[in-house]
Amino acid sequence: MTLLSLKDVSVRFGGLVAVDGLSTDIPAGEVRGLIGPNGSGKTTTINAISGFYKPASGSIKLESHELVGLPPHEAAAHGMARTFQNLRVFPNLTVLENILIGGHLSSHREIHDVVIHPRRVKEEEKNLRQRARAIASDMGLRGQEDTVCKSLPYGRRRLVEIGRALMSQPKFIMLDEPTVGMTAEEIEQVKNVIFQLKKNMITVLIVGHDMKIIMSVCDCITVLNYGKKIAEGPSSEIQSNSQVIEAYLGAGEEDA
Amino acid sequence: MEPPSATSTASPIRDEGNLKPRLIIGILILACLLLPLLVEQPYYLYLINLTGIHAILILGLNLLVGFTGMVSLGHAGFFAIGAYLSTKIVMNLHLPWILGLLGGGTGALVGGLILGIPTNRMKDLTLSLVTLGFGISIYRVLMSWTSFTGGAIGITDVPPASLLGFSFKEAAASFYLIYGILGILLAVAASMAHMRVGRALLAIREDEVAASAMGINTRYYRIMAFAMSAFYCGCAGSLFAHYIGFVSPDSFTFHHSITFVSMVVVGGMGSVAGSFLGAAGLTLILEYFRTFSQYQLVLYGLSVILFVVFLPNGLAGLAEGIERRVSKLFQK
Amino acid sequence: MDRVQGRVENPPLASTKLETFGREVRALWFFLQIMLGGLSIGAIYSLIGLGFSMLWSAMGIVNFAHGEFAMLGAFLGVTLMKMAGLPFYASFPLTAVLIGLFSLLVDRAVLRPLRNRDLLYIVIATLGLSIFLQNGAILVWGAGGMLFPTVFGAQPLQIGGLITTPQTLSVLGIGILLMLGLQVFLAQTKIGFCLRAAVQSPETASLMGIETRFTNALTFFLAALLAAIAGMFIAPIVYVTPDMGVLIGLKGFSAAVVGGYGNMLGAMVGGIIIGAAETLGAQYLSSAYKDVFAFLAMFIVLLVSPNGLFGKRKIDRT
């Protein structure tokens, strides 16, 4: 079953075409990699899918729900979560608080419920916190739940961001450069998380520059260059694809 | 100048229902119930009552400024709307005070929507400016629309609050009324802070982009925060008018708006308890400096500056920092 | 001719047309007269707004006490003229420079420690500073006001069909000259170039040997200097009081924001809009709500264009 389907998506900024007629289908449960030289439109694609940029044309469907034209919070409500290339953790909040906010979509109690159904509110809160702690532990952040994020090292903050995205129990999660600035140990953590996601049939889209990771975790890789898809297939194919090699070498040395 | 320890932010989500805060609240409630009997000087009781009214106002403003990060420099306007509307409802329409309270609060809330909806797209500084302009405009209206507001003189002989025939004329009675209402509104705000609503507001303050990616409808919450803070201010305004016994534009100037925001900062942004600390702290500082007569406001301005430079997390942050260090001591 | 309740019915056609035309011309001249006043006030707001925009684009800070520099300028100016007996062409520049130097002190004491903090804290701190300076002024000069002499002449002057004063014209003229002078300074001189470079990119500028501390200080100095002059311009109209800086500062700030915060040309255009709105509203609608009109104009412009007329749209890079 196709989870995410992009048909002929184009994103323009004034005269600049950042994404040009991109079409691809991601089946449910797949771990897809999205790679390409700098400026090839990877993050723009993610922004378009999550609703931050409106495509000039094309359609983006998540399980048959059309996402184009939806504001980010509505797009997220269809079961999608993401992390950011520039790392957007809530700096003055603790690890736990960050992750809890990720659970915004899974909690449904409003203020009036405090008066009408106080026990249900307490129940929901308790469950949320339990889940958040479990996620923190999974991400290797046990013991640091009450640390304010801005005092955490960069790699740990990225782990928090991923944990926050997981909290919403998404069907589809997009990780934009998730391993930048991480230690080897933290990268292993991320790899394990991704494998876990795969086991739970959660679809993942990873944008990355670290070829080792992309090649080792992804089932299928889409390659962009100047906003256009130039190759798509399993990692073995991509590695030997002459167009891909040329795109990267032409744009400068990439550390593989 | 480095801000003090990065881990000492004031935050409402920290405790997860352990016994300690409940105990403290219980003791406080007990103390509150006995307070009017213990305090002898009527002036002190007056200060305490005033602090209570300010606390309601600061609580509301904290929702907007501290939690959501939207700096409004014109909230004296909502305070005024609540006060004047309530006065008019009781004195001109001869309706019971409770309707004055609700009417004032609702009127202010509507004002909050009128101001909050169009300004939703505006970024922080522009918003501050627009709200400032709003506050000043309200002041002008208070001064110039003499037929409705009584102009510079205002409206005198405002009857005290009354519920079911009982008139809250005595300061002690007003104490129970004010702190009773404060207690209810505090409970609402505190529970909000611990729920998804409070977290959503904090998320918006910290990073709107990430917040919307998490499914938070930033537009809705921003407008809601505006409306709620206006409502709280309006209620405080009604209590104020019927406690003091008169309303005049002098109580609702631009200086007041700024004082309110500094109370939020001094108390601790995003901290429910901090709102009360801020209200108390600043009311007391103002009164303390009164003894220096002409230097009063100079010192007040200076202390605000000092607070901001040295205590960015406010009094609540200071309290939390102290608590943390004390508990560390006990752990050793 | 019928006379119904004093109104003249069916008057001879020819004189009606002439009368109406005459009335319309007079109304036009009157409107221009009011507009001239509005432009003059607008120039004052522009001078203050320029200061706000300069501080923002160069240092990323807001100074809510900026209006107080105007107030201090007015007080110092009147003190120099009355107490020291200095003629205005000496006391004006002297006051401006002294206030500029004073502002450096303020920057060092209050704004430097807050350099990297969140904007909110700078706002609160400068608001506290505003209260501090206002009440400091009360301590020095007393709470009552002082009269600022109309140095450029208050006798009415007739130009065409409108009546104005040399004061109004001089304020407008000098204001425009100052703003043009600032533009020339920034565009043509070496120091001006350094300032602009530092505004565009502080890191690159310092790499190229431009001392950002110096450019920051210069920016602050210039902003306060302009504010002090603006204060002395508006003083004859509003009467010198310790709280005069508040409203002026706010309207100057509004001018800056209306024009696009950080944009110099915008601050000038913004000043005109605010000044015109205020004066026209006061004349044709109600003078009591003068300030409301100023803020209403700002509100309406911002509704249409939330980043101001010439404001740069910040692209949020996700």
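So, the overall build of chain C
Link 1 in the chain: On a plain count of helices and strands, chain C comes out with eleven helices and four strands.
Link 2 in the chain: Dimensions of chain C along its principal axes, counting C-alpha atoms only, are 85 × 55 × 35 Å.
Link 3 in the chain: Within chain C, buried positions represent 48% of all 318 residues.
Link 4 in the chain: Look at the contacts in chain C between residues 6 or more apart in sequence, and 72% of them connect residues 24 or more apart.

Some remarks on the overall build of chain A
Link 1 in the chain: Within chain A, the secondary structure is distributed over ten helices and ten strands.
Link 2 in the chain: Radius of gyration (C-alpha) of chain A: 19 Å, near the 18 Å computed for a compact globule of 256 residues.
Link 3 in the chain: Within chain A, the fraction of its 256 residues that count as buried is 47%.

Brief notes about the sheet that holds strand β5 (residues 65-66) of chain A
Residue and element names in this part refer to chain A.
Link 1 in the chain: Across the sheet, four strands lie side by side as β2-β1-β4-β5; this open sheet has antiparallel pairing. Looking at which strands have only one partner, the edges of the open sheet turn out to be β2 (16-27) and β5.
Link 2 in the chain: Against the sheet, helix α1 (residues 42-49) engages β1 (2-13), β2 and β4 (57-62), with an angle of about 65 degrees to β2.

Looking at the interface of chain C and chain B
Link 1 in the chain: Across the boundary between the two partners, chain C contributes 37 residues, which contact 34 residues of chain B.
Link 2 in the chain: Those elements giving two or more residues to the side of chain C that touches chain B turn out to be α4 (119-141), α9 (244-259) and α11 (290-304) of chain C.
Link 3 in the chain: Top contributing element to the side of chain C that touches chain B by residue count: α4 of chain C, with 14 residues.

Describing the packing of helix α2 (residues 66-82) of chain C against helix α8 (residues 212-238) of chain C
Residue and element names in this part refer to chain C.
Link 1 in the chain: The interhelical angle for the contact between α2 and α8, taken along N-to-C directions, is 60 degrees, at an axis separation of 7 Å. Considered as vectors, α2 and α8 are oriented oblique to each other. In the packing of α2 onto α8, the handedness of the crossing is right-handed. Mapping the contact onto sequence places His 66, Phe 69, Ala 70, Met 71, Leu 72, Gly 73, Ala 74, Gly 77 and Val 78 in α2 and Ala 224, Ala 227, Ala 228, Ile 229, Ala 230, Gly 231, Met 232 and Ala 235 in α8.
Link 2 in the chain: Of the residues in the contact of α2 with α8, the class split is 13 nonpolar, four polar and no charged.

Points about the sheet that holds strand β9 (residues 220-225) of chain A
Residues and elements named next belong to chain A.
Link 1 in the chain: The six strands lie next to each other as β6-β7-β8-β3-β9-β10, forming an open sheet whose pairing is mixed. Of all the strands in the sheet, just β6 (80-82) and β10 (228-233) have a single pairing partner and so form its edges. Here the strands of the sheet are splayed against their neighbours by 15 degrees on average, with no regard to which way each runs.
Link 2 in the chain: Of the pairings in the sheet, the one linking strand β7 (residues 172-176) to strand β8 (residues 203-207) comprises five bridges and is parallel in character. Residue pairing in the sheet places Ile 173 in a bridge with Val 204 of β8.
Link 3 in the chain: Across the sheet, α1 lies against β3 (31-35), β6, β7, β8 and β9, angled at about 150 degrees from β7, the strand it touches most.

Focus: unusual backbone geometry
Residues and elements named next belong to chain A.
Link 1 in the chain: For Glu 177, which is not glycine, the phi torsion reads 50 degrees and is therefore positive.
Link 2 in the chain: If you trace the backbone, Glu 177 turns up in the loop between β7 and α7 (184-199).
Link 3 in the chain: Judged by the 19 C-beta atoms lying within 10 Å of it, Glu 177 falls in the partly exposed class.
Link 4 in the chain: You will see that Tyr 226, though not glycine, has its phi angle at about 50 degrees, which is positive.
Link 5 in the chain: Locating Tyr 226 in the fold gives a position in the loop between β9 and β10.
Link 6 in the chain: Given 16 C-beta atoms within 10 Å, Tyr 226 falls into the partly exposed group.

A few points about the environment of Gly 260 of chain C
Residue and element names in this part refer to chain C.
Link 1 in the chain: Mapped onto the elements, Gly 260 comes out in the loop between α9 and α10 (264-284).
Link 2 in the chain: Sequence spacing of Gly 260 and Ile 300 is 40 residues, and the spatial spacing of their C-alpha atoms is 14 Å.
Link 3 in the chain: Apart from residues no more than four positions distant in its own chain, Gly 260 is found in contact with Gly 266, Asn 307, Gly 308, Leu 309, Phe 310 and Gly 311.

Here's the deal with α2 of chain C
Link 1 in the chain: Taking 1.5 Å of rise per residue, 17 residues should cover 24 Å, and α2 of chain C covers 25 Å from first to last C-alpha, within 8% of that figure.
Link 2 in the chain: With 14 of 17 residues buried, α2 of chain C is to be regarded as a mostly interior element.

Considering the confidence of the model for chain C
Residue and element names in this part refer to chain C.
Link 1 in the chain: Taken as a whole, chain C shows an average pLDDT of 82; of its residues, 91% reach a score of 70 or greater.
Link 2 in the chain: Overall, residues 1-7 carries pLDDT values under 50, and its contacts beyond four positions in sequence, including any with other chains, amount to eight contacts.
Link 3 in the chain: At the level of chain-chain contacts, confidence expressed as ipTM amounts to 0.87, with global pTM at 0.83.

Let's talk about the domain arrangement of chain A
All names here are of chain A.
Link 1 in the chain: The domains assigned to chain A are domain 1 (1-79 + 171-256) and domain 2 (90-169).
Link 2 in the chain: Here the C-alpha centre of domain 2 lies 26 Å away from the C-alpha centre of domain 1.
Link 3 in the chain: Facing twelve residues of domain 1, the contacting portion of domain 2 comprises ten residues.
Link 4 in the chain: If you list the elements that add at least two residues to the side of domain 1 that touches domain 2, you get α2 (72-77), β7 and α7.
Link 5 in the chain: Of the residues forming the side of domain 1 that touches domain 2, the biggest block, four residues, is contributed by α7.
Link 6 in the chain: Its residues placed into classes, the side of domain 1 that touches domain 2 shows eight nonpolar, three polar and one charged.

Comments concerning α8 of chain C
All names here are of chain C.
Link 1 in the chain: Here α8 is 27 residues long and its end C-alpha atoms lie 37 Å apart, about the 39 Å a rise of 1.5 Å per residue gives.
Link 2 in the chain: At Met 232, α8 is deflected by roughly 25 degrees, the largest bend along its length, and proline Pro 236 occurs up to four residues later in sequence.
Link 3 in the chain: Two residues or fewer after α8 comes Tyr 239, characterised by a positive phi angle close to 75 degrees.

A word on the pairing of β10 of chain A
Residue and element names in this part refer to chain A.
Link 1 in the chain: Inspection of the sheet shows β9 paired to β10 by five bridges, in the antiparallel sense. Paired with Leu 224 across the strands is Lys 229, a residue of β10.
Link 2 in the chain: The antiparallel pairing of β9 with β10 creates a hairpin that spans two residues between the two strands, and Tyr 226 there sits at a positive phi of about 50 degrees.

Observations regarding the confidence of the model for chain A
Link 1 in the chain: Taken as a whole, chain A shows an average pLDDT of 87; of its residues, 94% reach a score of 70 or greater.
Link 2 in the chain: Across residues 251-256 of chain A the pLDDT falls below 50, and counting only partners more than four positions away or on other chains, this stretch makes four contacts in the model.

Examining the environment of Gly 175 of chain C
Residue and element names in this part refer to chain C.
Link 1 in the chain: Relative to the elements of secondary structure, Gly 175 occurs in helix α5 (residues 166-188).
Link 2 in the chain: The class for Gly 175 is buried, based on 25 C-beta atoms found within 10 Å.
Link 3 in the chain: With 53 residues separating them in the primary sequence, Gly 175 and Ile 122 have C-alpha atoms 29 Å apart.
Link 4 in the chain: Among all residues touching Gly 175, those that are not within four sequence positions of it are Ala 43, Ile 44, Ser 46 and Leu 47.

Quick notes on the environment of Gly 314 of chain B
Link 1 in the chain: Relative to the assigned elements, Gly 314 of chain B resides in helix α14 (residues 314-331).
Link 2 in the chain: Residues Gly 314 of chain B and Ser 162 of chain B, spaced 152 residues apart in sequence, show a C-alpha to C-alpha distance of 36 Å.

Looking at the pairing of β7 of chain A
Link 1 in the chain: Of all five residues in β7 of chain A, five are buried; the element is thus mostly enclosed.
Link 2 in the chain: Residue alternation in β7 of chain A divides its side chains into two sets, Phe 172, Met 174 and Asp 176 of chain A and Ile 173 and Leu 175 of chain A, and both sets are buried.

Definitions and cut-offs
- Residues numbered from 1 in each chain as written.
- Chains lettered and ligands numbered in written order.
- Predicted model: local features only at pLDDT ≥ 70, side-chain atom pairs only at ≥ 80, totals over all residues.
- Helix = DSSP H or I, 4+ residues; strand = E, 2+ residues; numbered from the N terminus.
- Buried ≥ 20, exposed ≤ 12 C-beta atoms within 10 Å, placed from the backbone.
- Contact = placed C-beta atoms within 7 Å.
- Rg over C-alpha atoms; globule rule 2.2 N^0.38 Å.
- Pairing = 2+ DSSP bridges.
- Axes fitted to C-alpha atoms, helices over the stretch in contact; angles between N-to-C directions.
- Parallel < 35°, antiparallel > 145°, perpendicular 65-115°, else oblique.
- Left-handed = near helix turned anticlockwise from the far one by under 90°.
- Nonpolar A, V, L, I, M, F, W, Y, C, P; charged D, E, K, R; others polar.
- Expected span 1.5 Å × (residues − 1).
- pLDDT = per-residue confidence, 0-100.
- Domains from an automatic or database assignment.
- Bend = angle between axes of the 7 residues up to and from the residue.

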